[in-house]
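# What the coordinates show
The chain contents come next:
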Amino acid sequence: MDKALEIQSVSKARGKVPVLCDVSLDVAPGERVALLGHNGAGKSTLIKAVLGLISTDKGTIRVAGASPGSGKARRTTAFLPEAISFHPALTGREQLTLFARLSGGGADVAALLDRVGLSDAMDRRIGAYSKGMRQRLGLAQVLLGQPQVALLDEPTSGLDPISRQDLYAIIDELAAQGTAVLIASHALTEVEARTDRIAILRKGALVADDTLEELSAKAGLPIRLRVRATGDADAIAAQTGGTRLNGASVEILCNPDTKMATLRHVTGMGDAVADVEITPPRLEDLYRHYAKEDAP
Amino acid sequence: MKRVFAIAQSEMLILRRNRWLVMATLIMVLFALALTFAGSAPTGSLGVDMLTVSVASMTTLSVYLAPLLALMISFDAIAGDADRGSLALLLSYPAGRGEVLLGKFLAHLSALSFAMIIGFGTAGAVAIWFGGAGAESLSALARLIVTSIILGAVFLTLGYLISSLAQGPTAAAGMAAGLWLIFVVLFDLGLLGAVVMDDGGSFTRSVFPWMMVANPADAFRLWNVAASDGVALATGMTGAAQALPAWAAPASLLLWPFLGFVAARAAFRRVEP
């Protein structure tokens, strides 16, 4: 089996409003795919369709070769819901024990809670947990068993920066053990370096599905060179065709294929240039490009 | 079945933690004791023992209390989980929806049974202590306990039904209050009005008893009344009980939990978490 998760031409409408239109997306074992889109773009709907929690009108979904919602699909899938909360009366250990018993495996609950940094809080009631701690508990249950597919809906919401680093370390571990990871997010800058492929949903339709490099090349988004001048910034702006930003800086926009030529030109100016900063197109630019324009 | 017990165990833990079990048991004990002592006055004039009178009073009480306690646990069972967002997660595990519902039902029914047995049992123990209990009144007490648990089971399943249909826990709580009012109060009032209007006609003689026994709360009352002459005497409900075959009330009460569970299961199937 080459694909852990296969989504083919899936459509779903709520009443007359289409929430998913002809979405096709594959995730291979060990691959990390970011599913991006603004609120209401259909990310959570797609995840729930993969879980078999909602029905689809058209198209097929296969999870580890099984249909969504089937016993095999449920056993092989791990899920982290958006803004998860649990029953406040249970302790973290009790909640995770329930999930371990439901999934049928004799998991080491205490070790898992330790792995997500909840070893001190495992016998406290979830009602006393912070949002980040509940999110960590949610993450612990993702690690139960060895899932073939992990679906994470906004996994970083409510986490502080250090917790986010931990989260991405855990996602990398999952991928390394062969789990196909699908991360729905609008935390754009974070998934940039952490995923193998990026899929963008806009109003229920998939408008992009590729690596970051390919996507930026297709979008033709410019690379920004920011040149700090030692003396006359206007002269540099005139020579390179850039625009002056302030007293000493010039911004030059160039394409990937003209980048090196422009750089050579800038360095050829010698002492007139104090510093050069290169900013490749960021995910946010890409996202704006694919999510707003009608033609991708 | 392992998964059903895992869910039941977790639900039981929640009922113990949020003090539902303690409070429900306490309420049952207090009411049972109050009715036993307050009801011991007319024993001489009716010629029945202390426990018979208190079973009659407790039957009347249980009609109100058993559905109320059951709905208090069950209205939140699905709507609460859906509201917290944990229902989607729970349903992504291998446990099926029927298993989830059955697990919750087992835990809630055990808790309800515990409260009923301790509460009514205390009344029985007190009556025995004062020498006011006989073989017949003890069997009436046992019947009261068993039928109260079945009545509770009916309203547990009806609670799951509205919990699946409601848009959220608050709506479910409101619907639970309405359901309680209809089954326990308004239904009887409506029937009473119809009987008065009919003035002893064919409705009163043939339709009314069957309509009455179709309501689980009334079936509970009729079963307890019909099975014990003493209780019937003390509650004054002999007329309705005699108009029906003996199997009608037990059949109705025993059928309701299954109907309720099937309806709740069907409604739960359609919930999109």
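Residues numbered from 1 in each chain as written. Chains lettered and ligands numbered in written order. Predicted model: local features only at pLDDT ≥ 70, side-chain atom pairs only at ≥ 80, totals over all residues.

### Focus on the overall build of chain B
Helices and strands together make up the secondary structure of chain B, namely 14 helices and zero strands. Starting at the N terminus and walking to the C terminus, you meet the elements of chain B as α-α-α-α-α-α-α-α-α-α-α-α-α-α. In terms of overall dimensions, chain B has a C-alpha envelope of 60 × 50 × 30 Å along the principal axes. Classification of the 273 residues of chain B by burial places 49% in the buried group. Expressed as a percentage of contacts within chain B between residues at least 6 apart in sequence, the contacts between residues at least 24 apart total 82%. (Helix = DSSP H or I, 4+ residues; strand = E, 2+ residues; numbered from the N terminus. Buried ≥ 20, exposed ≤ 12 C-beta atoms within 10 Å, placed from the backbone. Contact = placed C-beta atoms within 7 Å.)

### Re the domain arrangement of chain A
Think of interface size as the accessible area that goes away when the parts come together; that is how it is often given. Assigned domains of chain A: these are domain 1 (5-217) and domain 2 (222-280). The C-alpha centroid of domain 2 of chain A is placed 43 Å from the C-alpha centroid of domain 1 of chain A. (Domains from an automatic or database assignment.)

### Points about the interface of chain A and chain B
Listed as interface residues are 24 residues of chain A and, on the opposing side, 19 residues of chain B. Those elements that provide at least two residues to the side of chain A that touches chain B are α1 (43-51), α2 (71-76), β5 (77-80) and α3 (92-103) of chain A. Tallying contributions element by element places α3(A) first for the side of chain A that touches chain B, with six residues. The residue makeup of the side of chain A that touches chain B, split by class, is 13 nonpolar, six polar and five charged. (Nonpolar A, V, L, I, M, F, W, Y, C, P; charged D, E, K, R; others polar.)

### Remarks on the environment of Ala150(A)
Residues and elements named next belong to chain A. Along the polypeptide, Ala150 turns up in strand β6 (residues 149-153). The buried category is assigned to Ala150, around which 25 C-beta atoms lie within 10 Å. As for Ala150 and Val23, which are separated by 127 residues in sequence, their C-alpha atoms are 19 Å apart. Every residue in contact with Ala150, bar those within four places of it in the chain, is listed here: Ala78, Val142, Leu174, Thr179 and Val181.

### Examining the packing of helix α4 (residues 50-74) of chain B against helix α8 (residues 135-165) of chain B
All names here are of chain B. At a closest axis distance of 7 Å, the pairing of α4 and α8 adopts a crossing angle of 20 degrees. Here α4 lies roughly parallel to α8, going by the angle between them. As α4 packs across α8, the resulting crossing turns out to be right-handed. Class assignment for the residues of the contact of α4 with α8 results in 16 nonpolar, nine polar and no charged. (Axes fitted to C-alpha atoms, helices over the stretch in contact; angles between N-to-C directions. Parallel < 35°, antiparallel > 145°, perpendicular 65-115°, else oblique. Left-handed = near helix turned anticlockwise from the far one by under 90°.)

### Section: α1(A)
All names here are of chain A. Counting buried residues along α1, nine of its nine residues qualify, which places the element largely inside the surrounding structure. Taken residue by residue, α1 has Lys43, Ser44, Thr45, Leu46, Ile47, Lys48, Ala49, Val50 and Leu51 as its buried positions. Phi turns positive one or two residues past the end of α1, at Gly52, with a value near 80 degrees.

### Considering the pairing of strand β13 (residues 273-279) of chain A
All names here are of chain A. A small share of β13 lies buried, amounting to zero of its seven residues. The pairing of strand β10 (residues 223-229) with β13 spans six bridges and is classified as antiparallel. Considered in β13, the bridge of Arg224 is made with Thr279. (Pairing = 2+ DSSP bridges.)

### A short note on the packing of α4(B) against helix α11 (residues 216-227) of chain B
Residue and element names in this part refer to chain B. Packing of α4 against α11 leaves a shortest axis separation of 10 Å and a crossing angle of 150 degrees. In terms of their interaxial angle, α4 and α11 are classed as roughly antiparallel. When the axes of α4 and α11 are compared, the crossing they make is right-handed. Residues Thr59, Val63 and Pro67 of α4 pack against Ala217, Phe220, Arg221 and Asn224 of α11. The residue inventory of the contact of α4 with α11, partitioned by class, reads four nonpolar, two polar and one charged.

### Things to note about the sheet that holds strand β4 (residues 58-63) of chain A
Residues and elements named next belong to chain A. With antiparallel pairing, the three strands of this open sheet are ordered in space as β2-β1-β4. Taken across any chain shown, the strands that pair with only one partner, and hence form the sheet edges, are β2 (17-27) and β4. On average, each strand axis in the sheet is tilted by 20 degrees relative to the strand beside it, whichever way the strands run. One ladder, built from seven bridges, connects strand β1 (residues 5-14) with β2; its direction is antiparallel. From the neighbouring strand, Glu6 faces β2, where its bridge partner is Asp26.

### Side note on the environment of Leu222(B)
Mapping Leu222(B) onto the fold places it in helix α11. Along the primary structure Leu222(B) and Thr25(B) are separated by 197 residues, whereas in three dimensions their C-alpha atoms are 25 Å apart.

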